[in-house]
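# Breakdown of the fold
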Amino acid sequence: MSLAMKAVLRAGIPLVIMTAIGVALLIQDKAADGRSTIAVGVIVAAVVGASVTYDVAGWSLRKQSLVHFAIMLVTVLPALLLSGWFPLDSAWDYVAVIAAFIAGGAILWALGYLVFGRLVPRMTAARDKDADADAVEGREPAGL
């Protein structure tokens with residue numbers, strides 16, 4: 001399956017579900033809840049859809065991260081600005097939202113890097129090492 005198809009599937013499912021819920025809330029005259037639900041759907045869809053950038057084997061982590069950030073910039077940031085979650089009465093209010101967007105993104109990127117870039121590979125390597133030792137000694141692999 002192509003990366004584009006993976007992105008569409010990853011993004012499309014939460015977007016359709018959250019948009020349907022948001023529209024249902026709007027129909028029930030719950031405008032703030034409907035708008036928030038649709039904003040969450042856009043944000044979730046953008047994040048999971050853009051996660052395919054980390055599946056491109058030929059790209060460096062820097063390029064993957066920059067492309068992911070660019071996608072977030074044109075999807076998540078507008079969703080935040082249009083969500084109604086933040087007061088937007090002055091230029092400083094917009095600066096605050098942009099700062100929160102950048103800070104939140106940096107924290108989430110760092111957590112993702114620690115988990116998927118460091119911890120999971122170490123755990124996988126340790127499991128593979130144990131499996132290799134079991135195979136050499138003729139034992140059944142743990143967990144079977």
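Everything discussed here concerns the structure shown above.
This text gives an overview of the structure that appears in the document. (Residues numbered from 1 in each chain as written. Predicted model: local features only at pLDDT ≥ 70, side-chain atom pairs only at ≥ 80, totals over all residues. Heavy atoms only, no water.)

### Regarding the packing of helix 1 (residues 3-27) against helix 2 (residues 31-50)
Interaxial distance between helix 1 and helix 2 falls to 8 Å at its minimum, and their mutual angle equals 180°. With respect to their mutual orientation, helix 1 and helix 2 come out roughly antiparallel. Tallied by class, the residues present in the contact of helix 1 with helix 2 amount to 16 nonpolar, six polar and three charged. (Axes fitted to C-alpha atoms, helices over the stretch in contact; angles between N-to-C directions. Helix = DSSP H or I, 4+ residues; strand = E, 2+ residues; numbered from the N terminus. Parallel < 35°, antiparallel > 145°, perpendicular 65-115°, else oblique. Nonpolar A, V, L, I, M, F, W, Y, C, P; charged D, E, K, R; others polar.)

### Notes on the side chain of serine 83
Structurally, serine 83 is set in the loop between helix 3 (61-82) and helix 4 (91-137). Classification of serine 83 by relative accessible area gives buried; the value is 1%. For serine 83, the side chain forms a polar contact with the main-chain oxygen of leucine 80, separated by 2.8 Å. Setting aside residues up to four positions removed in sequence, serine 83 forms contacts with Arg35, Ser36 and Ala39. (Buried < 20%, exposed > 50% of the residue type's maximum accessible area, 1.4 Å probe, protein only. Polar contact = N/O pair within 3.5 Å; in protein donor to acceptor, adjacent residues only side chain to side chain. Contact = heavy atoms within 4.5 Å.)

### Some remarks on the pattern of salt bridges
Scanning the model with the defined rule gives one salt bridge in all. A salt bridge links arginine 10 to aspartate 55, with the nearest nitrogen and oxygen atoms 3.0 Å apart. One end of the pair, arginine 10, is in helix 1; the other, aspartate 55, is in the loop between helix 2 and helix 3, and 45 residues separate them in sequence. Classification of aspartate 55 as partly exposed rests on a relative accessible area of 37%. (Salt bridge = Lys/Arg side-chain N within 4 Å of Asp/Glu carboxyl O.)

On their own, these measurements won't tell you what the molecule is for.
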